[in-house]
Number of protein chains: 2
Amino acid sequence: MILRSFAVLLVLAVSACGGSTPPTALAPATTPQPAAAADPLPSWNDGATKKAILDFVGRVTRAGGPDFVPAPERIATFDNDGTLWSEQPIYFQLAFAFDRVTALAPKHPEWKQQQPFKGLLEGDMKAVSARGEKGLLEVIAATHVGNTTDEFATIVSEWIATARHPKYKRPYTDLVYQPMLEVLTHLRANGFKTYVVSGGGVEFMRPWVERVYGIPPEQVVGSRAKVQYDARAGKPVLLRLAAIDLIDDKAGKPVGIHQVIGRRPIMAFGNSDGDFEMLEWTTSAPGPRLGLIVHHTDAAREWAYDRTSHIGQLARALDEAPRRGWILADMKQDWKVIYPFQK
Amino acid sequence: MILRSFAVLLVLAVSACGGSTPPTALAPATTPQPAAAADPLPSWNDGATKKAILDFVGRVTRAGGPDFVPAPERIATFDNDGTLWSEQPIYFQLAFAFDRVTALAPKHPEWKQQQPFKGLLEGDMKAVSARGEKGLLEVIAATHVGNTTDEFATIVSEWIATARHPKYKRPYTDLVYQPMLEVLTHLRANGFKTYVVSGGGVEFMRPWVERVYGIPPEQVVGSRAKVQYDARAGKPVLLRLAAIDLIDDKAGKPVGIHQVIGRRPIMAFGNSDGDFEMLEWTTSAPGPRLGLIVHHTDAAREWAYDRTSHIGQLARALDEAPRRGWILADMKQDWKVIYPFQK
């Protein structure tokens with residue numbers, strides 16, 4: 001399967017580039033209430049959602065209690081795009097791919113005449129969209145593979161350090177959700193092992209997740225290219241091939257979780273139908289389980305989208321959340337602040 | 001790739017079933033010297049090998065020293081068969097597969113007439129060998145796949161609890177190497193994360209590694225079948241398919257390490273040419289690195305084999321160990337005891 005499924009993921013996203021309506025203005029900075037010293041989730045408003053998270057952690061860590069879970073089994077998985085950081089106006093990894101086209105253009109004079117590269121270089125997203133899936137295959141193949149794993153990690157690190165989000169003019173890693181960072185910290189303080197389980201590329205995330213989320217690279221599950229052990233100038237390398245090894249999205253998420261973790265999580269956090277199977281896999285086993293969906297309801301402070309969005313579409317999981325007991329975290333209602341720089 | 005490579009691994013092993021000469025008698029139980037209270041490796045004889053391990057751990061943990069490695073980067077990988085537990089007279093997972101044939105035989109009356117099942121049921125290993133790779137494909141397909149991951153874990157756990165090694169008449173998990181258990185413990189006490197990286201099946205190891213090695217299931221890398229997310233009686237399951245997803249042997253080991261860990265180890269332990277690339281990948285990067293080969297030299301207390309063995313063949317790695325700086329741990333010379341029950 002050569003990149004096809006990954007492109008399917010992305011092609012819808014590109015068509016949103018021209019169509020999505022970004023929030024018209026940045027909301028005034030919220031002033032968080034002074035938190036009680038003991039509040040581990042100070043950026044969450046008091047209410048049912050915050051209480052459900054705190055109660056669950058309390059129950060599974062209470063030694064001798066009926067819902068106690070031994071620490072080694074306290075596995076919590078977090079989707080990334082739209083759950084730990086924003087995903088608008090396009091998936092950040094797609095912005096990376098487009099920036100790579102610009103960076104590589106001097107070596108590819110033919111791109112000036114060749115779609116979708118021409119469109120990307122000229123900022124003509126309609127031309128990019130017109131090329132459709134085939135065009136994105138070409139972009140991914142030209143920007144994501146054919147190098148070594150070490151080279152790719154360096155490229156990602158440099159991009160993460162220098163690229164700026166189009167709206168906020170800040171590094172993309174500034175657009176992580178402060179309330180979710182607090183959940184990560186609270187879980188780890190209670191013996192949980194926290195994992196990222198994302199449809200995004202695992203090698204796109206590993207270089208920065210430790211600094212940004214406190215999650216080490218070995219606790220990241222993501223989509224991945226096949227790699228091949230080889231040698232360059234007498235030194236062993238791992239080459240990134242133009243073939244997909246895992247699409248860690250939808251039914252691929254439980255597969256990725258099983259491959260890398262080998263235990264079923266007891267908590268899962270997502271925001272879209274791409275997380276449906278991860279939430280289902282997590283919450284359908286016996287014992288205490290918690291599934292939570294970050295619902296993007298805040299057009300003023302972030303973005304508001306669900307059923308009809310090309311990015312992070314949330315329909316089936318939204319419909320089934322009540323009967324499955326999945327918690328909906330309403331960004332607008334539940335979160336005092338969105339990003340750390342707004343604290 | 002349907003099971004072919006895995007069978008290639010195993011077919012050679014089976015041909016050894018009739019041919020290997022087990023040690024004629026169990027050596028008299030060794031009486032370990034009373035160890036100094038501070039000795040973290042009491043089952044290792046004093047000498048260059050033990051010193052090299054202790055010195056390395058001392059160097060990478062000495063804050064401010066030239067070889068200091070931050071704790072999160074202290075990754076150590078261990079092959080399993082022949083490195084952490086024995087692999088004679090046949091790979092233990094192969095014994096499991098053969099026992100599964102016996103267990104499943106009542107449901108398969110046709111096996112009485114059908115090689116290699118007939119041979120296995122009658123103890124006629126020559127007939128099994130005669131069927132070659134094709135026969136082993138059939139055995140693996142009949143015993144390892146087509147069930148759910150939960151079912152397979154239960155089957156493995158029951159086998160591990162009840163099966164007995166043909167020579168020692170003890171559970172296979174008794175045949176782990178006491179000196180290596182001490183290395184695992186010493187490394188973890190010094191901030192290392194210890195991983196199993198084995199050509200054996202990851203789902204064959206995960207159910208018992210935590211109890212036996214103190215290594216959690218998420219720190220096991222191994223060969224694996226493809227799995228598929230599905231539902232049975234309304235409950236989600238992961239089905240084990242008759243297709244290989246990764247052969248975690250030879251050049252597949254750095255690939256598996258990269259997929260699951262995403263960092264390069266700083267220590268690697270192996271015993272055969274199947275570990276060559278893992279040792280090479282580990283020790284060819286800059287900074288302090290240690291590669292160690294367990295050399296099976298003790299025909300009296302364990303087994304003695306290397307260059308010409310069908311199981312755990314060690315030739316190229318033995319030849320190249322000196323110039324690559326890989327340490328040879330000589331079982332006969334370096335180890336006071338082999339198994340925990342001999343302490």
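Keep in mind the model is a prediction, meaning the values are calculated, not measured.

Asker: Got a minute to help me understand the overall build of chain A in this structure?
Answerer: Within chain A one finds 12 helices and 7 strands. Out of the 343 residues in chain A, the part that is buried amounts to 58%. The long-range fraction of contacts in chain A, counting pairs at least 24 apart against all pairs at least 6 apart in sequence, stands at 70%. Of the roughly 13400 Å² of accessible surface on chain A, a fraction of 55% belongs to carbon and sulfur atoms.

Asker: How do you make sense of the side chain of Lys-253 of chain A when you look at a structure like this?
Answerer: Here Lys-253 of chain A shows up in helix H9 (residues 252-260). When neighbours within four sequence positions are excluded, Lys-253 of chain A is seen to be in contact with Asp-79, Val-197, Ser-198, Gly-199, Asp-248, Gly-274, Asp-275 and Met-278 of chain A.

Asker: It is not clear to me how the pairing of strand S4 (residues 235-246) of chain A should be interpreted in this structure. Could you clarify?
Answerer: Regular strands place side chains that alternate from one sheet face to the opposite one. Residue and element names in this part refer to chain A. With respect to burial, S4 is a largely interior element, 9 of its 12 residues being buried. The pairing of strand S3 (residues 220-232) with S4 spans 8 bridges and is antiparallel. Paired with Ala-231 across the strands is Pro-236, a residue of S4.

Asker: Looking at this structure, I do not really get the relation of the copies chain B and chain A. What am I missing?
Answerer: Relating one copy of the chain to the other takes a rotation about an axis and a shift parallel to that axis. Overlaying chain B on chain A yields an RMSD of 0.0 Å, the required transformation being a rotation through 180° with an accompanying axial translation of 0.0 Å. Both copies are brought into coincidence by an operation consistent with a two-fold rotation axis. Looking at the rotation axis and the C-alpha trace of chain B, the residue lying nearest is Val-260 of chain B, at 2.7 Å. When the interface residues of chain B are mapped onto chain A, 100% of them again fall at the interface, so both copies present the same face.

Asker: How do you make sense of the environment of Phe-204 of chain A when you look at a structure like this?
Answerer: Residues and elements named next belong to chain A. In this structure, Phe-204 sits in helix H8 (residues 202-213). Given the relative accessible area of 2%, Phe-204 is considered buried. Considering only alpha carbons, one finds Phe-204 and Ile-155, 49 residues apart in sequence, at a separation of 9.3 Å. With near-sequence residues (within four places) excluded, Phe-204 lies in contact with Trp-85, Phe-92, Gln-93, Phe-96, Phe-152, Val-156 and Trp-159.

Asker: Honestly, the interface of chain B and chain A in this entry has me stumped. Any pointers?
Answerer: Accessible area lost upon the coming together of the parts is a frequently used measure of interface size. Each side of the interface is counted separately: chain B has 35 residues, and chain A has 35 residues. In total, chain B and chain A occlude about 3000 Å² of area from one another, counting both sides; carbon and sulfur atoms represent 51% of this. Of all residues in chain B, the largest losses of buried area upon contact with chain A belong to Glu-218, Tyr-229 and His-258 of chain B, amounting jointly to 22% of the total for that side. In this structure, Glu-210 of chain A engages Arg-263 of chain B in a salt bridge whose closest nitrogen and oxygen atoms are separated by 3.5 Å. Taken together, the links from chain B to chain A amount to 23 residue pairs in polar contact (both at pLDDT 80 or more). Only helix H6 (149-162), strand S2 (193-201), helix H8 (202-213), strand S3 (220-232), strand S4 (235-246), helix H9 (252-260) and helix H10 (276-283) of chain B provide two or more residues apiece to the side of chain B that touches chain A. Taken together, the residues of the side of chain B that touches chain A break down into 16 nonpolar, 6 polar and 13 charged.

Asker: What's the story with the packing of helix H3 (residues 92-104) of chain A against helix H5 (residues 125-144) of chain A in this structure? I'm lost.
Answerer: Pairs of packed helices are described in terms of their axes, by the angle between the two and the distance that separates them. Residues and elements named next belong to chain A. As a packed pair, H3 and H5 sit with axes 10 Å apart at the nearest point and diverge in direction by 80°. Classified by the angle between their axes, H3 and H5 sit roughly perpendicular to one another. Contacts from Gln-93, Leu-94, Phe-96, Ala-97, Phe-98, Arg-100, Val-101 and Leu-104 of H3 reach H5 at Met-125, Leu-136, Val-139, Ala-142, Thr-143 and His-144. Of the residues contributing to the contact of H3 with H5, the split by class is 10 nonpolar, 3 polar and 1 charged.

Asker: Mind showing me how you'd approach the sheet that holds S2 of chain B here?
Answerer: The pairing of strands in a sheet happens through backbone hydrogen bonds and is either parallel or antiparallel. Residues and elements named next belong to chain B. The 7 strands lie next to each other as S4-S3-S2-S1-S5-S6-S7, forming an open sheet whose pairing is mixed. For this open sheet the edge positions go to S4 and strand S7 (327-330), each flanked by a neighbour on one side alone. Pairwise comparison of adjacent strand axes, ignoring direction, gives a mean angle of 35° for this sheet. Lying on the sheet, helix H2 (residues 48-61) is in contact with strand S5 (267-270), strand S6 (290-295) and S7; it crosses S6 at an angle near 150°.

Asker: Mind showing me how you'd approach the packing of H9 of chain B against H10 of chain B here?
Answerer: Residues and elements named next belong to chain B. At a minimum axis distance of 7 Å, the contact between H9 and H10 shows a crossing angle of 55°. When the axes of H9 and H10 are compared, the pair comes out oblique. Of the residues in H10, those in contact with Lys-253, Pro-254 and Ile-257 of H9 are Glu-277, Met-278 and Trp-281. Among the residues making up the contact of H9 with H10, the classes are represented as 4 nonpolar, no polar and 2 charged.

Asker: It is not clear to me how unusual backbone geometry should be interpreted in this structure. Could you clarify?
Answerer: Most peptide bonds are trans, and most residues other than glycine sit at a negative phi. Between Gln-88 of chain A and the following residue, Pro-89 of chain A, the backbone shows a cis peptide bond with an omega angle of 0°. Secondary-structure assignment places Pro-89 of chain A in the loop between strand S1 (75-78) and H3. The omega torsion of the bond from Gln-115 of chain B to Pro-116 of chain B falls at 5°, within 30 degrees of zero and hence cis. You can see Pro-116 of chain B is positioned in the loop between helix H3 (92-104) and helix H4 (117-122). In this structure, Lys-169 of chain A is a non-glycine residue whose phi angle is positive, near 55°. By the element assignment, Lys-169 of chain A lies in the loop between helix H6 (149-162) and helix H7 (178-189).

Asker: Looking at this model, I keep getting lost on H9 of chain A. Mind explaining?
Answerer: Quick reminder: α-helices carry 3.6 residues per turn. Residues three or four places apart thus point the same way. Residue and element names in this part refer to chain A. Across the 9 residues that make up H9, a large majority, 9, are buried. For H9, the complete set of buried residues consists of Gly-252, Lys-253, Pro-254, Val-255, Gly-256, Ile-257, His-258, Gln-259 and Val-260. Phi for Gly-262, located one or two positions after H9, is positive at around 75°.

Asker: Quick question: what am I supposed to make of the pairing of strand S6 (residues 290-295) of chain A here?
Answerer: Residue and element names in this part refer to chain A. The element S6 is extensively covered by neighbouring structure, given that 6 of its 6 residues are classed as buried. With burial as the criterion, each face of S6 is covered, one bearing Leu-290, Leu-292 and Val-294 and the other bearing Gly-291, Ile-293 and His-295. By the bridge criterion, 4 bridges tie strand S5 (residues 267-270) to S6 in an arrangement that is parallel. The residue bridging Ala-268 from the neighbouring strand is Gly-291, located in S6.

Asker: For this particular structure, what's the right way to read the packing of aromatic side chains?
Answerer: Given two aromatic rings, one states the distance between the centres and the angle between the planes to describe the pair. What the rule picks out here adds up to 42 aromatic pairs over all chains. A ring pair is formed by Phe-96 of chain A and Phe-152 of chain A, whose centres lie 5.9 Å apart and whose planes are at 90°; its orientation type is edge-to-face. Here Phe-96 of chain A, found in helix H3, pairs with Phe-152 of chain A, found in helix H6; they are 56 residues apart in sequence, far enough to count as distant. The exposure classification of Phe-96 of chain A matches that of Phe-152 of chain A, with both residues buried. Where Phe-96 of chain B meets Trp-159 of chain B, the ring centres are 5.4 Å apart and the plane angle is 80°; that geometry is what we call edge-to-face.

Asker: Sorry, what's going on with the sheet that holds strand S2 (residues 193-201) of chain A here?
Answerer: Residue and element names in this part refer to chain A. On the basis of which strands lie adjacent, the open sheet formed by 7 strands has the order S4-S3-S2-S1-S5-S6-S7 and mixed pairing. Bordering the open sheet on either side are S4 and strand S7 (327-330), each of which pairs with just one other strand. Each neighbouring strand pair of the sheet contributes to a mean axis angle of 35°, computed without reference to strand direction. Running over the sheet, H8 touches S2, S3 and S4 and is turned about 115° from S3.

Parameters at a glance
- Residues numbered from 1 in each chain as written.
- Chains lettered and ligands numbered in written order.
- Predicted model: local features only at pLDDT ≥ 70, side-chain atom pairs only at ≥ 80, totals over all residues.
- Heavy atoms only, no water.
- Helix = DSSP H or I, 4+ residues; strand = E, 2+ residues; numbered from the N terminus.
- Buried < 20%, exposed > 50% of the residue type's maximum accessible area, 1.4 Å probe, protein only.
- Contact = heavy atoms within 4.5 Å.
- Areas by Shrake-Rupley, 256 points an atom, 1.4 Å probe, with all protein chains shown as cover.
- Pairing = 2+ DSSP bridges.
- Least-squares fit on C-alpha atoms with pLDDT ≥ 70 in both.
- Buried area = accessible area lost by both parts, 1.4 Å probe.
- Salt bridge = Lys/Arg side-chain N within 4 Å of Asp/Glu carboxyl O.
- Polar contact = N/O pair within 3.5 Å; in protein donor to acceptor, adjacent residues only side chain to side chain.
- Nonpolar A, V, L, I, M, F, W, Y, C, P; charged D, E, K, R; others polar.
- Axes fitted to C-alpha atoms, helices over the stretch in contact; angles between N-to-C directions.
- Parallel < 35°, antiparallel > 145°, perpendicular 65-115°, else oblique.
- Phe/Tyr/Trp six-rings, centres within 6.5 Å; stacked < 30°, edge-to-face > 60°.

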